[in-house]
Each structure stands twice: as C-alpha cells, then as structure tokens.
Amino acid sequence: MQYYVVQDRTPTGPFSEAEVRRLLEEQKLHPADLCWAEGMSNWVPLASVFNIPLPPAVEPAASYVYASFGARVLAFVIDGFIIGIPSNVIMQAVKPPPAIGNGHSLAEVIRLFSDYMAQNPWLQISVMLLTWLYFALMESSSRQATFGKSILGLKVATTEGRRLNLSEASLRFWAKYVGSFMLTCGLGCLPILFTPRRQALHDMAARTIVIRK
C-alpha cells in the first residue's frame with residue numbers, strides 16, 4: 001500500500017509502509033502527521049495507522065514564565081565563576097597567567113590576558129571545550145539547567161517545551177558564543193528585552209527558551 005503524508009501543510013509521497021516506518025524512526029515524520037492511502041475515507045494521524053503512541057502533549061507556551069534579562073545575566077555571572085575554577089587550574093598547570101597587579105588600568109589588564117591567551121592557543125581551546133561541555137551537558141540533562149540557572153530557578157527548553165538533547169544544547173552554546181557574543185560583541189543578548197518569548201539571538205537560532213521552573 002502507498003501512503004501520502006502531510007508535511008508543512010503539503011501532501012508528500014507516495015511512500016511504502018517500510019519507507020514510512022523508516023522516516024518515523026529517523027524522526028523525519030512525526031506520529032501526528034496526517035496520512036492517507038487508497039481505500040481510506042479521511043486523512044488520519046500516522047500513529048493510528050501504524051499503531052504508534054503519540055508523545056505526551058507539552059505545556060502550552062502561553063503558560064510559561066520566561067526568564068528576565070537580569071536573571072539570565074546573573075545566572076551567566078554565576079556560571080562564569082564556576083567555570084573559572086577549573087579553567088584557572090588548567091592555566092596554572094600549563095602556564096600561569098599574568099598577575100592582575102601588573103596592569104595599571106582595566107584596559108591594560110584585558111590586554112595582558114588577551115596577549116596571554118593569544119600566545120597559548122591550545123590553552124584557549126581547552127578552556128573553550130570545558131565551557132562547551134559544562135553548558136551542553138547540563139542544559140541537556142534532566143535538570144535542564146546549569147548551576148547558575150538552577151540557583152535562580154531557571155531552565156532551558158525547546159520552543160515546543162521539551163528537554164534539549166545534546167546536539168541541540170551544543171548548537172545553543174555555539175550560537176551563543178559565535179552569534180550573541182563574538183560577532184555582535186554581546187549585543188545578541190539584547191533581544192531578550194523586547195521579544196515576546198524573551199529570546200536572545202542564540203535562542204532564536206537554536207529554537208530554545210529560558211523559563212522559570
């Protein structure tokens with residue numbers, strides 16, 4: 001039997017039963033997608049045709065309490081201190097960083113550390129990988145939050161309301177590092193102030209939201 005399936009409001013196919021089952025396993029089709037085959041009077045969900053349980057309904061987005069800009073900044077600061085502990089251990093083990101007292105102004109201190117990191121690219125890569133693992137593993141865990149977010153009662157979810165997997169959490173981290181900070185000098189976080197779901201640039205790219213637990 002050949003099946004037609006509605007995706008993005010457009011019928012696609014025909015697909016054989018084996019093809020439909022394969023696409024469902026690969027998550028390219030969803031059990032709630034409507035399908036039709038010759039002899040069927042109406043379009044019905046794939047779940048009812050192939051005896052697949054539908055996933056539980058997620059909480060409507062309108063019922064979420066989105067995290068404020070201030071709460072997210074404070075959570076980021078807390079996470080910065082937490083990440084700074086193992087990062088400093090790595091730095092001390094490889095090559096001690098310059099003393100802050102050697103700089104006579106904030107600009108000079110920043111320049112000293114910039115020069116230090118530029119002269120030690122492998123150290124910079126190690127710290128970056130550590131930071132990525134911290135955010136990606138914790139935000140894809142059952143707690144859905146880093147320590148900073150947990151302390152403030154926040155968690156990260158997809159825009160559909162479900163927990164992130166490791167790939168989605170990694171995408172969110174790199175979108176934040178590259179898009180919201182490196183390319184925009186931090187300005188990518190300002191949309192939190194005026195977007196309906198209080199999303200930063202990286203939230204929009206990764207299709208995530210930060211909400212109160």
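On a predicted model such as this, the values are computed, not experimentally measured, just so you know. (Residues numbered from 1 in each chain as written. Predicted model: local features only at pLDDT ≥ 70, side-chain atom pairs only at ≥ 80, totals over all residues. Heavy atoms only, no water.)

### Describing the overall build of the protein
The secondary structure content of the protein amounts to eight helices and six strands. Going residue by residue from the N terminus, the α and β elements of the protein occur as β-β-α-β-β-α-α-α-α-α-β-α-α-β. Residues classed as buried in the protein amount to 36% of the 213 residues present. Taking the intrachain contacts of the protein between residues at least 6 apart in sequence as the baseline, contacts between residues at least 24 apart amount to 56%. Total accessible area on the protein stands at roughly 12,700 Å², and carbon and sulfur atoms take up 64% of it. (Helix = DSSP H or I, 4+ residues; strand = E, 2+ residues; numbered from the N terminus. Buried < 20%, exposed > 50% of the residue type's maximum accessible area, 1.4 Å probe, protein only. Contact = heavy atoms within 4.5 Å. Areas by Shrake-Rupley, 256 points an atom, 1.4 Å probe, with all protein chains shown as cover.)

### Overview of unusual backbone geometry
Glycine aside, residues mostly have negative phi angles, and peptide bonds mostly take the trans form. The linkage connecting Gly13 with the following residue, Pro14, adopts the cis geometry, with an omega of 10°. Mapped onto the fold, Pro14 is located in strand S2 (residues 10-16). Even without being glycine, Gln144 reaches a positive phi, approximately 55°. Along the chain, the position of Gln144 falls in the loop between helix H5 (121-139) and helix H6 (147-151). The phi angle at Arg198 is positive, at roughly 50°, despite the residue not being glycine.

### With respect to the packing of aromatic side chains
What the rule picks out here adds up to 10 aromatic pairs. A centroid spacing of 6.4 Å and a plane angle of 35° characterise the contact between Trp36 and Trp43, whose relative ring orientation is tilted. Relative accessible area serves as the criterion here: at 37%, Trp43 is assigned to the partly exposed category. Ring-pair connections join several aromatic residues into one group, and the members of that group are Tyr134, Phe135, Phe147, Phe173, Trp174 and Tyr177. (Phe/Tyr/Trp six-rings, centres within 6.5 Å; stacked < 30°, edge-to-face > 60°.)

### Considerations on the side chain of Arg172
Within the secondary structure, Arg172 sits in helix H7 (residues 166-182). Those residues in contact with Arg172 that lie beyond four places of it in its chain are Arg72, Glu139, Lys149, Val156, Leu164, His202, Asp203, Ala206, Thr208 and Val210.

### A closer look at the sheet that holds S2
The strand order across the open sheet formed by four strands is S2-S1-S3-S4, and the pairing between neighbours is antiparallel. Across the chains shown, the open sheet's two edge strands, defined by having one partner strand only, are S2 and strand S4 (44-45). Where strand S3 (residues 34-37) and S4 come together, two bridges link them in antiparallel fashion. Paired with Leu34 across the strands is Pro45, a residue of S4. (Pairing = 2+ DSSP bridges.)

### Concerning the nonpolar core
Counting 11 residues, the largest nonpolar core is built from Tyr3, Val5, Phe15, Val20, Leu23, Leu24, Leu29, Cys35, Ala37, Leu46 and Phe50. Counting residues per element, this core draws most heavily on helix H1 (residues 17-25), at three residues. If we ignore the near neighbours within four places in the chain, the residues touching Val5 are Thr10, Pro11, Thr12, Phe15, Leu29, Asp33, Leu34, Cys35, Trp43 and Leu46. Counting eight residues, the second-largest nonpolar core is a separate cluster that includes Ala71, Leu154, Val156 and Leu164. (Core = buried A, V, L, I, M, F, W, Y, C linked by side-chain atoms within 4.5 Å.)

### A word on H5
End to end, H5 covers 27 Å across 19 residues, agreeing with the expected 27 Å (1.5 Å per residue, within 8%). Every buried residue belonging to H5 is among Leu123, Val127, Met128, Thr131, Tyr134, Phe135, Ala136, Met138 and Glu139, and all of these are buried. (Expected span 1.5 Å × (residues − 1).)

### Topic: the pattern of salt bridges
Per the counting criterion, the structure on display carries nine salt bridges. A salt bridge links Arg22 to Glu26; the shortest N-O distance between them is 3.4 Å. For Arg172, the salt bridge is made with Glu139, and the minimal N-O distance between the two is 3.2 Å. With Arg172 in helix H7 and Glu139 in helix H5, this pair connects stretches of sequence that are 33 residues apart. Residue class for Arg172 comes out buried when judged on its relative accessible area of 1%. When salt bridges that share partners are traced, they join Arg72, Glu139, Lys149, Arg172 and Asp203 into one network. (Salt bridge = Lys/Arg side-chain N within 4 Å of Asp/Glu carboxyl O.)

### Here's the deal with the environment of Thr158
With respect to the secondary-structure elements, Thr158 resides in strand S5 (residues 154-158). Those residues in contact with Thr158, other than ones at most four positions away along the chain, are Arg163, Leu164, Glu168, Arg207, Thr208 and Ile209.

By themselves, these observations are geometric and do not establish any function.
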